[in-house]
Amino acid sequence: MQLTDEQLQRAADFVRSYLRRTASSKESHKAEFRAENRWQHSLNVQKNIRALADGEGIPSDSRAVCDLAALFHDVDHYTVDYEYHGLRGAETATHFLLSEGYPPPFVERVAEAIRRHHNEFEDDVPLEDQMRAIVTNASLEARLLMDAETLDKIGASNIIQSLLTLGRIGTKPINVAARELVAGFPLERAHEWYRTLITPTGRRIGAQRLAFYEQFLAQIESEIVIEDPYPERAPQDI
Ligand SMILES: [Fe+2]
Ligand SMILES: [Fe+2]
């Protein structure tokens, strides 16, 4: 099955307006901003999943499943507790796609990927064991969606997100934002996400993104004077 541009547009129209509506009904504070960011993340995930599909050489009907699963995967981010957003999102996607006339077995594959995309990790169980359990039962499309999601947490996306969170641009001087970015935590988190990548293509793209991230941090340290070398002195000491 190959999706038409019109089919993708209709799905996008639905998800974008659903996110806007539900974000503002749950909490009005910055609702529009959060809905736009969530939609942007969904677009990034769709771009990532297409790159993964190319790299893994998957058949065209799987690509169609992936395309729609990516657009819908966080559709219910604002309607239920976070741990249930995959389950509810699968229901919302199923309802929409069936009403649009998609074949039920195809719709179930989209729903399955959305249902499975979100995983909670336990601190006291080795990550590799948890990943093995997750991968064992997951469909091809679910595995690609998990990797597409993870890749959006590594690299350029992570840098921008970290700066927005850490730096609160406009209220902190550049050297303070730079110091917090190179302090280690955001990069450490990106490395942890990298360890959860499943597919060979996901790990290859993830490694490229991490290398870019490290290069960017090294560039910051080579360009920006993070600590002022001239301590301020009290007037009587001058
Ligand atoms: Fe997501
Ligand atoms: Fe999600």
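Calculation rules
Residues numbered from 1 in each chain as written. Chains lettered and ligands numbered in written order. Predicted model: local features only at pLDDT ≥ 70, side-chain atom pairs only at ≥ 80, totals over all residues. Helix = DSSP H or I, 4+ residues; strand = E, 2+ residues; numbered from the N terminus. Contact = placed C-beta atoms within 7 Å. Buried ≥ 20, exposed ≤ 12 C-beta atoms within 10 Å, placed from the backbone. Arc of directions from axis to C-beta. Axes fitted to C-alpha atoms, helices over the stretch in contact; angles between N-to-C directions. Parallel < 35°, antiparallel > 145°, perpendicular 65-115°, else oblique. Left-handed = near helix turned anticlockwise from the far one by under 90°. Nonpolar A, V, L, I, M, F, W, Y, C, P; charged D, E, K, R; others polar. Expected span 1.5 Å × (residues − 1). Core = buried A, V, L, I, M, F, W, Y, C linked by C-beta atoms within 7 Å.

When you go through the chain residue by residue, the secondary structure sums to 11 helices and zero strands. Mapped from its N terminus to its C terminus, the chain presents α and β elements in the order α-α-α-α-α-α-α-α-α-α-α. Based on the C-alpha atoms only, the size of the chain along its principal axes is roughly 80 × 40 × 35 Å. A separation of at least 24 residues holds for 72% of the contacts in the chain among residues at least 6 apart in sequence.

Right, let's get into helix 10 (residues 185-194). Those residues of helix 10 that sit buried are P186, L187, A190 and Y194. Taken end-on, helix 10 shows its buried residues confined to a sector of 95°, consistent with a single buried face. Across from the buried face of helix 10, at angles greater than 90 degrees, the exposed residues are F185 and E188.

This paragraph deals with the environment of Q130. Its place among the elements puts Q130 in helix 6 (residues 127-136). In sequence terms Q130 and N119 are 11 residues apart; their C-alpha atoms lie 9.5 Å from each other.

Structurally, P104 can be placed in helix 5 (residues 104-116). For P104, a count of 10 C-beta atoms within 10 Å puts it in the exposed group. When the C-alpha atoms of P104 and R179 are compared, they prove to be 52 Å apart, with 75 residues separating the residues in sequence.

On to the packing of helix 2 (residues 31-56) against helix 11 (residues 200-223). Where helix 2 meets helix 11, the axes come as close as 8 Å, and the angle between the chain directions of the two elements is 120°. With respect to each other, helix 2 and helix 11 are oriented oblique. Here helix 2 and helix 11 pass one another in a crossing that is right-handed. Contacts from A51, L52, G55 and E56 in helix 2 reach T201, G202, R204 and I205 in helix 11. Grouping the amino acids of the contact of helix 2 with helix 11 by side-chain chemistry returns three nonpolar, three polar and two charged.

A word on helix 7 (residues 140-151). Counting along an α-helix, one turn takes 3.6 residues, and residues three or four places apart therefore face a common direction. Given a rise of 1.5 Å per residue, 12 residues ought to cover 16 Å, and the 17 Å separating the end C-alpha atoms of helix 7 matches this to within 8%. Most of helix 7 sits inside the fold, with 11 of its 12 residues counted as buried. For helix 7, the elements touching its buried residues are helix 2, helix 3 (60-72), helix 5, helix 6, helix 10 and helix 11.

Another aspect to go through is the nonpolar core. Counting 45 residues, the largest nonpolar core has I49, L68, A69, F72, A93, V110 and L145 as its most contacted members. For this core, the secondary-structure elements that each account for two or more residues are helix 1 (5-26), helix 2, helix 3, helix 4 (85-99), helix 5, helix 7, helix 10 and helix 11. If you tally residues by element for this core, the top one is helix 3, at eight residues. Beyond its immediate stretch of four places on either side in the chain, A93 contacts F72, V75, V110, A111 and I114.

All right, on to the packing of helix 5 against helix 7 then. At a minimum axis separation of 8 Å, helix 5 and helix 7 run at an interaxial angle of 45°. By the criterion of interaxial angle, the relationship of helix 5 to helix 7 is oblique. In this structure, helix 5 crosses over helix 7, and the sense of that crossing is right-handed. Along its contact with helix 5, which presents R109, E112, A113 and R116, the element helix 7 presents E141, A142 and L145.

Tracing the chain through its elements places G55 in helix 2. Residue classification places G55 among the partly exposed positions, given that 16 C-beta atoms sit within 10 Å. Sequence separation between G55 and E192 is 137 residues, and the spatial gap between their C-alpha atoms is 22 Å. Apart from the residues within four sequence positions on either side, G55 is in contact with T201 and R204.

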